[in-house]
There are 2 protein chains.
Amino acid sequence: MTDPDTSRLGIDWGTSNRRAYLLDAQGGLMRQHSDEAGILHVNGDFEGSLRQLLQTLGLQRADIVMSGMVGSRNGWHEVPYLSMEQPLTALHDNLMEVRTSLPEVRCRIAPGYKYIDANGIPDVMRGEETQVLGALSLSAANGWFLLPGTHSKWVRVENGGMIEFLTFMTGELFSLMSQHGTLSKVMTEQQSVPEAFAAGVQAARHGSFTHTAFCCRALVVTDMMPPDHTASYLSGLLIGTEVYDILKRTDAPQQSAVQVVGSPALSARYLSALELLGIEARAWQPDAVYLAALRALFSP
Amino acid sequence: MTDPDTSRLGIDWGTSNRRAYLLDAQGGLMRQHSDEAGILHVNGDFEGSLRQLLQTLGLQRADIVMSGMVGSRNGWHEVPYLSMEQPLTALHDNLMEVRTSLPEVRCRIAPGYKYIDANGIPDVMRGEETQVLGALSLSAANGWFLLPGTHSKWVRVENGGMIEFLTFMTGELFSLMSQHGTLSKVMTEQQSVPEAFAAGVQAARHGSFTHTAFCCRALVVTDMMPPDHTASYLSGLLIGTEVYDILKRTDAPQQSAVQVVGSPALSARYLSALELLGIEARAWQPDAVYLAALRALFSP
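Because the structure is predicted, anything quoted here is derived from the model rather than measured.

Trainee: Account for helix α1 (residues 46–57) of chain A, with residues named and values stated.
Mentor: Residue and element names in this part refer to chain A. With twelve residues, α1 extends 17 Å from end C-alpha to end C-alpha; this agrees with the ideal 16 Å at 1.5 Å per step. Along α1, the positions that sit buried rather than exposed are Phe 46, Glu 47, Gly 48, Ser 49, Leu 50, Leu 53, Leu 54 and Leu 57. Packed against the buried residues of α1 are β1 (7–13), β2 (18–23), β3 (29–35), β4 (62–67) and β7 (105–109). Of the residues trailing α1, Gly 58 is marked for its positive phi of about 70°.

See below:
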């Protein structure tokens with residue numbers, strides 16, 4: 001597999017989407033391809049879906065490293081979670097080989113991580129560990145790394161290793177509540193309203209989300225907020241809820257900047273919330289971070 | 001309307017359901033009728049729906065007092081919210097007359113309440129104020145009154161008056177998350193599992209609901225909890241989230257028992273959660289409470 005004709009390909013294979021990164025010999029990005037062949041959309045035919053992807057990219061020989069939900073119970077092959085005692089360098093050593101009928105293809109899946117907190121309650125990640133590996137190979141930062149999304153992850157790093165992480169169902173709850181239930185009824189015509197977002201972030205301080213979400217409705221029915229501000233307010237509430245939860249867990253959260261790795265649009269919301277609360281933050285471009293992770297995973 | 005042939009009828013007219021209580025001359029219950037003609041199901045024809053109800057009950061002359069969402073913007077007639085400065089006795093004086101073409105019918109709607117908390121954030125109720133009025137005419141209790149439901153209400157009472165209240169979207173979020181999203185996928189075959197419920201109540205202490213809800217999923221994917229325990233655990237998380245939020249707001253929550261006014265099945269869950277957390281509670285039968293409220297609203 002050290003043949004120079006063998007292409008190195010990284011695939012971030014998630015629930016809904018798939019992103020492929022073709023590397024050049026120096027580990028730079030040669031080509032990027034995204035499609036909607038997430039694990040829920042391939043009808044269990046992972047090999048067929050991969051073959052198609054290789055055809056699209058014009059590849060025959062390939063050394064492939066995959067991360068994300070492709071390694072979950074509902075993915076191609078379940079890869080056991082690593083525990084927090086295993087450093088991120090263990091990702092490289094624990095890539096799980098998947099057999100395929102593709103003759104000149106080597107195919108491996110990165111494991112996720114499982115974290116059991118001090119109360120014995122578990123949290124899990126699949127895919128984000130690869131992003132953290134990449135971010136840490138670009139930056140020696142300590143403190144909180146934030147990976148926003150359907151399930152936002154906050155990862156606390158010390159001395160180059162993950163020491164805890166927490167997931168928040170932020171994107172999923174926003175989506176559920178926009179489509180169904182009480183708030184969805186006023187969320188038909190929505191604007192992006194920075195002051196409503198900011199008000200939501202501030203209000204998150206004043207109680208649990210299951211309460212503050214109802215207050216969002218109360219603001220509308222008492223004519224204290226226009227209905228078309230609801231989405232921005234709800235987004236602020238959900239993101240504010242994350243930040244206040246983290247603040248409660250950390251004595252000195254502002255000690256070092258929060259490192260945000262996410263799409264520009266989503267990262268912008270978190271950066272705005274963090275700024276409102278006086279917390280320093282730095283944004284990372286997720287493709288650059290993923291490429292850095294791939295270089296670490298492919299290197300011997 | 002003081003004609004002894006005029007029947008006194010109370011209607012708790014909510015979003016999905018309608019419950020009617022026909023009183024005898026002494027204010028006792030003569031007949032109770034429930035149907036699904038909630039305000040969302042009558043296509044705006046409130047008078048026609050009321051006429052049908054009167055036919056069902058065999059009534060021609062009636063003095064009717066209604067409470068609940070029938071007085072909301074999407075109901076029959078919007079009745080302005082009372083503010084917290086107005087005592088519950090003001091409900092009687094602020095019943096809003098609704099004109100109908102029914103010749104021998106007097107029809108009034110009780111207002112709801114609006115509460116603006118110390119942070120300037122509003123909460124609202126419509127219908128529960130009537131239950132609190134009833135409960136207070138049966139009991140001189142102080143402290144928290146709890147009215148569980150789609151939108152659970154916690155009402156703090158001092159010296160026979162409401163001084164604050166908070167709503168939690170507990171029932172709505174349980175329903176949303178059971179039908180849609182990540183957790184719903186493992187919630188197809190569910191049992192009622194007291195120990196999973198208790199574990200959820202305890203886990204609610206350890207973070208915001210948007211985080212603990214994801215941990216519920218993590219418990220399943222790490223094989224630390226069977227999938228069919230998910231509903232009970234989620235129910236415990238949501239109810240525990242309410243109780244911990246209330247505990248944070250009150251220096252001495254156990255000073256007096258929590259007065260629970262709800263259906264037996266729902267009340268049982270809250271009583272179990274409160275007992276787990278060492279909080280005294282007392283359950284009230286909601287029909288008896290509503291009848292007591294009607295007696296207060298009909299009395300001159």
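The structure having been displayed, the exposition proceeds.
Trainee: Account for the relation of the copies chain A and chain B, naming residues and giving values.
Mentor: Taken as rigid bodies, chain A and chain B are interconverted by a rotation of 180° and an axial shift of 0.0 Å, the fit giving an RMSD of 0.0 Å. Both chain copies can therefore be described as sitting about a two-fold axis. Same-surface contact between copies: 100% of interface residues of chain A are shared with the interface of chain B.

Trainee: Let's hear about the sheet that holds strand β5 (residues 82–83) of chain B: which residues, and what values?
Mentor: All names here are of chain B. Overall, mixed pairing links the three strands, which are arranged β5-β8-β9 in an open sheet. Since the sheet does not close on itself, it has two edges, and those belong to β5 and β9 (122–125), each with one partner. Summarising the sheet, strand β8 (residues 113–116) and β9 pair through four bridges and their orientation is antiparallel. Directly across from Tyr 115, in β9, lies its bridge partner Asp 123.

Trainee: Give a detailed account of the domain arrangement of chain A, specifying residues and quantitative values.
Mentor: When the parts of a complex come together, some accessible area is lost, and that lost area is often used as the size of the interface. Residues and elements named next belong to chain A. Splitting chain A by domain gives domain 1 (1–113) and domain 2 (127–300). The C-alpha-based centres of domain 1 and domain 2 are spaced at 27 Å. The interface is formed by 25 residues belonging to domain 1 together with 21 residues belonging to domain 2. Between domain 1 and domain 2 lies a buried interface of about 1900 Å² when both sides are counted; carbon and sulfur atoms form 73% of it. Per-residue buried area on domain 1 facing domain 2 is highest for Met 84, Leu 88 and His 92; these three make up 32% of the total on that side. Run the count over domain 1 and domain 2 and you get six residue pairs in polar contact (both at pLDDT 80 or more). Of all the secondary-structure elements, those providing two or more residues to the side of domain 1 that touches domain 2 are β1, β2, β4 and α2 (90–93). Per element, the largest residue contribution to the side of domain 1 that touches domain 2 is five residues, and it comes from β1. Its residues assigned to classes, the side of domain 1 that touches domain 2 shows 14 nonpolar, seven polar and four charged.

Trainee: Go over helix α3 (residues 128–138) of chain B with me, naming the residues and quoting the values.
Mentor: Most of α3(B) is tucked away, with nine of its eleven residues classed as buried. For α3(B), the complete set of buried residues consists of Glu128(B), Glu129(B), Thr130(B), Gln131(B), Val132(B), Leu133(B), Gly134(B), Ala135(B) and Leu136(B).

Trainee: Requested: an account of the pairing of strand β12 (residues 161–168) of chain B, with residues and values cited.
Mentor: Residues and elements named next belong to chain B. Among the eight residues of β12, seven are classified as buried, and the element is accordingly described as predominantly covered. Two elements, strand β11 (residues 152–158) and β12, share seven bridges in a ladder whose sense is antiparallel. Within β12, the residue paired with Val 157 across the bridge is Met 162. The loop that links β11 with its antiparallel partner β12 comprises two residues; one of these, Asn 159, has a positive phi angle of about 50°.

Trainee: With reference to specific residues and values, describe the interface of chain A and chain B.
Mentor: At the junction of the two partners, chain A supplies 47 residues and chain B supplies 47 residues. Summed over both partners, the interface of chain A with chain B buries about 4100 Å², with 67% contributed by carbon and sulfur atoms. At the boundary of chain A and chain B, one finds two salt bridges. One can count 19 residue pairs in polar contact (both at pLDDT 80 or more) joining chain A with chain B. Among the elements of the structure, β8 (113–116), β9 (122–125), β12 (161–168), α4 (170–179), α6 (209–221) and α7 (230–249) of chain A are those that each provide at least two residues to the side of chain A that touches chain B.

Trainee: I'd like a rundown of the packing of α4(A) against α7(A), residues and numbers included.
Mentor: Residue and element names in this part refer to chain A. Packing of α4 against α7 brings their axes to within 10 Å, and their N-to-C directions diverge by 155°. The angle between α4 and α7 places the two elements in the roughly antiparallel class. Where α4 crosses over α7, the two elements pack in a sense that is right-handed. For the pair α4 and α7, contact is made by Thr 170, Leu 173, Phe 174 and Met 177 and by Ala 231, Leu 234, Ser 235, Leu 238, Ile 239 and Glu 242, respectively. Per-class residue counts for the contact of α4 with α7 are seven nonpolar, two polar and one charged.

Trainee: Describe the sheet that holds β12(A), naming the residues involved and giving the relevant values.
Mentor: All names here are of chain A. Read across the sheet, five strands follow the order β12-β11-β10-β13-β14 without closing on themselves; strand pairing throughout is mixed. With partners counted over all chains shown, the strands left at the sheet margins are β12 and β14 (281–284), one partner each. Across the sheet, the mean angle separating the axes of adjacent strands is 20° when strand polarity is ignored. Pairing between strand β10 (residues 143–147) and strand β13 (residues 258–261): two bridges, direction parallel. Its bridge partner lying in β13, Leu 146 is registered against Val 260.

Trainee: I'd like a rundown of the pairing of β14(A), residues and numbers included.
Mentor: All names here are of chain A. Here β13 runs beside β14; their pairing, made up of four bridges, is parallel. For Val 260, the partnering residue across the bridge sits in β14 and is Ala 283. Following the chain from β13 across helix α8 (residues 264–276) to the adjacent parallel β14, one finds a crossover that is right-handed.

Trainee: Would you mind going over the environment of Thr222(B) in detail, with residue names and values included?
Mentor: Here Thr222(B) lies in the loop between α7 (209–221) and α8 (230–249). Look at Thr222(B) and you get buried, because its relative accessible area is 11%. Sequence-distant contacts of Thr222(B), defined by excluding residues within four places in its chain, comprise Tyr81(A), Lys114(A), Pro122(A) and Val124(A). Of the polar contacts made by the side chain of Thr222(B), one reaches the backbone oxygen of Ala218(B); its length is 2.7 Å. Here the side chain of Thr222(B) touches Leu219(B) through a polar contact of 3.3 Å, landing on its backbone oxygen.

Calculation notes
- Residues numbered from 1 in each chain as written.
- Chains lettered and ligands numbered in written order.
- Predicted model: local features only at pLDDT ≥ 70, side-chain atom pairs only at ≥ 80, totals over all residues.
- Heavy atoms only, no water.
- Helix = DSSP H or I, 4+ residues; strand = E, 2+ residues; numbered from the N terminus.
- Expected span 1.5 Å × (residues − 1).
- Buried < 20%, exposed > 50% of the residue type's maximum accessible area, 1.4 Å probe, protein only.
- Contact = heavy atoms within 4.5 Å.
- Least-squares fit on C-alpha atoms with pLDDT ≥ 70 in both.
- Pairing = 2+ DSSP bridges.
- Domains from an automatic or database assignment.
- Buried area = accessible area lost by both parts, 1.4 Å probe.
- Polar contact = N/O pair within 3.5 Å; in protein donor to acceptor, adjacent residues only side chain to side chain.
- Nonpolar A, V, L, I, M, F, W, Y, C, P; charged D, E, K, R; others polar.
- Salt bridge = Lys/Arg side-chain N within 4 Å of Asp/Glu carboxyl O.
- Axes fitted to C-alpha atoms, helices over the stretch in contact; angles between N-to-C directions.
- Parallel < 35°, antiparallel > 145°, perpendicular 65-115°, else oblique.
- Left-handed = near helix turned anticlockwise from the far one by under 90°.
- Right-handed = clockwise from strand over helix to strand, strands pointing away.

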